[in-house]
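Breakdown of the fold
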Amino acid sequence: MSLFDKFQPLIDVRAELERAGVMPFGAVTEKILSPTEAIVEGQRVILAGTNNYLGLTFEPECVQAAQQALAEQGTGTTGSRMANGTFAGHIALEEELAAFFAKQHCIVFSTGYAATMGLASTLAGPGDVIVLDADSHASLYDGVRLSGAEIVRFRHNDAADLEKRLRRLGKRSANTLIVVEGIYSMLGDQAPLADIVEVKNRHGGLLLVDEAHSLGMLGEHGRGVAEAAGVEDAVDFTVGTFSKSLGAIGGYCVSDHAELQAIRFAIRSYIFTASPSPSVIASTRVALRLMQERPQLRERLWENAQRLYDGLKSLGFKLSPQVSPVVAVTIEDRDWAIACWSRLLRRGAYVNLVMPPASPTSDSLLRCSVSAAHTPEQIDRILEAFASLGTADTQAAK
Amino acid sequence: MPDYDEFLERIFKILKPFTKPGVMLNKDSELVTQLGLTSLQVMELIEQLEDHFDISIPLNILPDIRTVHDLATQLERLEH
């Protein structure tokens, strides 16, 4: 027995991929050319797996703000938000996010992971119950495991199953944290938030929604699935990230609960890490403003998502039921999925390869994410790369 | 309230289709190392038990479960 024994399955998979000359996990981007193009593993590719939904990473105003902050405030804060790491920019961003979400309070974190994991690990504790969607992100699972609370899963996007779980809890349901996402990261499907809120209203508890993949995409103002479903008032805590639609890195939580301002001092992932660098805060603030000023980005994003979804569908690929900026192609055979990922790269399209247990089922996924910065021609080139793989029927035969 | 034997019987019933030919299924069978269940299949087993007995099985008990016996014991504890 050795500490390393448990890693043997991982070691075997890695060796297998190396033998095949493919390394989809951690492919090196040698040169990034624009929000939608790069040289990856020596290939010039269209980027179709970056979560850069609004394409703001090279936005001149964002870059200029980051450069100015870098020159004026230095490369890092070198400290925790609770010590020397709270600069005026952090406070300004918290105020701007609270105003954007029309909520009273906001906390800014160093990463999205720190935000979701931090809230999920802190809000409920021993003696409390957390009921979370089975397909929740790893950061939420990590958080709830750390919480010490009793953890119950409900079937993915199944409000009736959630209700069953809360009913079984009886009076304890009032002491429960319900955890869901807005758009789910792997398949791009949306939570039925109106139904979930109805269940919450009947049984009590607090609701946390992770809108990491829906910020800037849905609702009149781009606040996410809760806004689109008209249930923002029933959401107790919204968490999200700056690393997708806002093109930087960092995370946030907004809420109308005044307790959030004290809770921040109980969140270990907020306290025991350095705060976001001034340049990151500066570009995020500009991106947040641009996202509000340019609703056309959202429109373009959905046009591109529809174009890619329709194109892949007509090629015969198995897709998730809902059109979304995350378009996931399901491939049953893992080895074929690896081969497809490699072929796509050689044909000029970078997508994400997702294998179990990271995928929600025993199938593998070629997960695409669309950007507002993609041109229709680029979407067509991604489709051409997929077309070169063959149809779903020929895949099944391989 | 179901007892240990009822839980055991139901677990055997659910596991039967998952069990590979030649693999003996008894209360000492280890779910992952002997029966070869994937993490998804373990969750499917849990969901089927939840539906059948109308209970919620907290994820917290999973680290303490290696065998069929462990699972039945933990379920009995939940109920009492």
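Notes on the structure follow. (Residues numbered from 1 in each chain as written. Chains lettered and ligands numbered in written order. Predicted model: local features only at pLDDT ≥ 70, side-chain atom pairs only at ≥ 80, totals over all residues.)

1. A short note on the overall build of chain B
- Tallying secondary structure elements over chain B gives three helices and zero strands in all.
- On C-alpha atoms alone, chain B measures out to a radius of gyration of 12 Å, which is about the 12 Å that the 2.2 N^0.38 rule sets for 80 residues.
- Its C-alpha atoms put chain B at 35 × 20 × 20 Å along the principal axes.
- Considering chain B as a whole, with its 80 residues, one finds that 20% of them fall into the buried category.
- Residue pairs in contact within chain B that sit at least 24 positions apart in sequence constitute 56% of those at least 6 positions apart. (Helix = DSSP H or I, 4+ residues; strand = E, 2+ residues; numbered from the N terminus. Rg over C-alpha atoms; globule rule 2.2 N^0.38 Å. Buried ≥ 20, exposed ≤ 12 C-beta atoms within 10 Å, placed from the backbone. Contact = placed C-beta atoms within 7 Å.)

2. Examining the pairing of strand S9 (residues 237-241) of chain A
Residues and elements named next belong to chain A.
- Burial analysis of S9 places five of its five residues in the buried class, the great majority of the element.
- A two-sided burial pattern is seen for S9, the buried positions comprising Phe-237, Val-239 and Thr-241 on one face and Thr-238 and Gly-240 on the other.
- Relative to S9, strand S8 (residues 206-210) is paired through three bridges, and the arrangement is parallel. Across the sheet, residue Val-209 finds its bridge partner in S9, namely Thr-238.
- For S9 and strand S10 (residues 251-255), the ladder comprises four bridges, and the chain directions are antiparallel. Along S10, the bridge assignment pairs Thr-238 with Val-254. (Pairing = 2+ DSSP bridges.)

3. Here we look at the pairing of strand S5 (residues 129-133) of chain A
Residues and elements named next belong to chain A.
- A large share of S5 lies buried, amounting to five of its five residues.
- Burial of the side chains of S5 extends over both faces: Val-129, Val-131 and Asp-133 are buried on one face and Ile-130 and Leu-132 on the other.
- As judged from the five bridges shared by S5 and strand S6 (residues 150-154), these two strands associate in the parallel manner. In the strand pairing of S6, Val-129 is matched with Glu-150.
- Between the parallel pair S5 and S6, the chain is carried across by helix H5 (residues 138-147), and the sense of this crossover is right-handed.
- Bridge count between S5 and strand S7 (residues 176-181): four bridges; the pairing is parallel. Across the sheet, the residue bridging to Val-129 is Thr-176, located in S7. (Right-handed = clockwise from strand over helix to strand, strands pointing away.)

4. Observations concerning the interface of chain B and chain A
- Contacts between the two partners involve eight residues from chain B, matched on the other side by ten residues from chain A.
- Among the residues making up the side of chain B that touches chain A, the classes are represented as four nonpolar, four polar and no charged. (Nonpolar A, V, L, I, M, F, W, Y, C, P; charged D, E, K, R; others polar.)

5. Re the packing of helix H6 (residues 159-169) of chain A against helix H7 (residues 193-203) of chain A
Residue and element names in this part refer to chain A.
- At their nearest, the axes of H6 and H7 sit 9 Å apart, and the two run at 15° to each other. Taken together, H6 and H7 sit at an angle that is classed as roughly parallel. Our pair here, H6 against H7, has a crossing hand that is right-handed. Listed contacts from H7 to Ala-159, Leu-162, Glu-163 and Leu-166 of H6 are Asp-195, Ile-196, Val-199 and His-203.
- Here the residues of the contact of H6 with H7 are counted per class, giving five nonpolar, one polar and two charged. (Axes fitted to C-alpha atoms, helices over the stretch in contact; angles between N-to-C directions. Parallel < 35°, antiparallel > 145°, perpendicular 65-115°, else oblique. Left-handed = near helix turned anticlockwise from the far one by under 90°.)

6. What about unusual backbone geometry?
All names here are of chain A.
- Cis peptide bonds are those with omega within 30 degrees of zero, and the linkage from Pro-356 to Pro-357 qualifies with 10°.
- Assignment of secondary structure puts Pro-357 in the loop between strand S14 (352-354) and strand S15 (364-369).
- Its identity is not glycine, yet Asn-157 carries a phi of approximately 55°, on the positive side.
- On the secondary structure map, Asn-157 appears in the loop between S6 and H6.

7. Considerations on the sheet that holds S9 of chain A
Residues and elements named next belong to chain A.
- An order of S4-S10-S9-S8-S7-S5-S6 is seen for the seven strands of this open sheet, with the pairing classed as mixed. Looking at the sheet topology across the chains shown, the edges are occupied by strand S4 (105-109) and S6. Going across the sheet, the axis of each strand differs from the next one's by a mean of 20°, ignoring polarity.

No statement about biological role is implied by the geometric values presented.
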